[in-house]
Amino acid sequence: LHLTCQRFACQDPQKVRAYVAGLEEVVVGKERFSLQAIRLETLYVPVRETNILKWRIQVEASLRHIVEEIRGGLLAQGIEPHYVAGFIPDLVAALKDVPNFSQDELAAEVGLPYPLFETGRLVVSRIKGPDEFAIEGIIPW
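Predicted model, so just to flag it, every value in this text is computed and none were measured.

Enquirer: Looking at this structure, how should I read the pairing of strand S2 (residues 50-57)?
Expert: It is a general feature of regular strands that their side chains alternate between the two faces of the sheet. Counting buried residues along S2, eight of its eight residues qualify, which places the element largely inside the surrounding structure. Burial along S2 is two-sided: Thr 50, Ile 52, Lys 54 and Arg 56 facing one way and Asn 51, Leu 53, Trp 55 and Ile 57 facing the other are all buried. The pairing of strand S1 (residues 34-45) with S2 spans eight bridges and is antiparallel. Bridge pairing in S2 links Thr 42 to Leu 53. Where S1 hands over to S2, the hairpin turn is made up of four residues, of which Glu 49 adopts a positive phi near 55 degrees.

Encoded structure:
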């Protein structure tokens, strides 16, 4: 499970390395927090070329703060973020290659809301293809 907090394109490996190194500053001294699922949704994801079942999560101040710092780190390195200022991701992938379920079908899910996972690391990965990623850096939290 993961939450994509930001996307960017950068062809300069030095800038990417400097950005990854700077991410340690984002989590130092920050408490870990849990992400809470509040709803299920099916979305077509073009980069993965498939429908993905996703949990919509509750957006809390701790998530907003981390996402803003991740974006700020990109800007500090001269890397343009793809997600606009103020965008807070609120979807976590659950399953891929699923049918396009209706909201009524998904609303039958019992037990929501529920905790999904606790933050534990920041990962920077490069999209190489629909199902292929290269890890550029892992920052433990």
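Read on for the rest.
Enquirer: Looking at this model, I keep getting lost on the pattern of salt bridges. Mind explaining?
Expert: Two side chains with opposite charge may pair up if their charged atoms get near one another. Counting across every chain of the model gives six salt bridges. With its nearest N and O atoms 2.5 Å apart, the salt bridge here joins Arg 39 to Glu 41. Take Arg 39: its relative accessible area is 36%, and that puts it in the partly exposed class. Between Arg 56 and Asp 90 there is a salt bridge, with its nearest N and O atoms 2.6 Å apart. Linking Arg 56 in strand S2 with Asp 90 in the loop between helix H2 (61-76) and strand S3 (91-96), this pair joins segments that are 34 residues apart in sequence.

The rules behind these values
Residues numbered from 1 in each chain as written. Predicted model: local features only at pLDDT ≥ 70, side-chain atom pairs only at ≥ 80, totals over all residues. Heavy atoms only, no water. Buried < 20%, exposed > 50% of the residue type's maximum accessible area, 1.4 Å probe, protein only. Helix = DSSP H or I, 4+ residues; strand = E, 2+ residues; numbered from the N terminus. Pairing = 2+ DSSP bridges. Salt bridge = Lys/Arg side-chain N within 4 Å of Asp/Glu carboxyl O.

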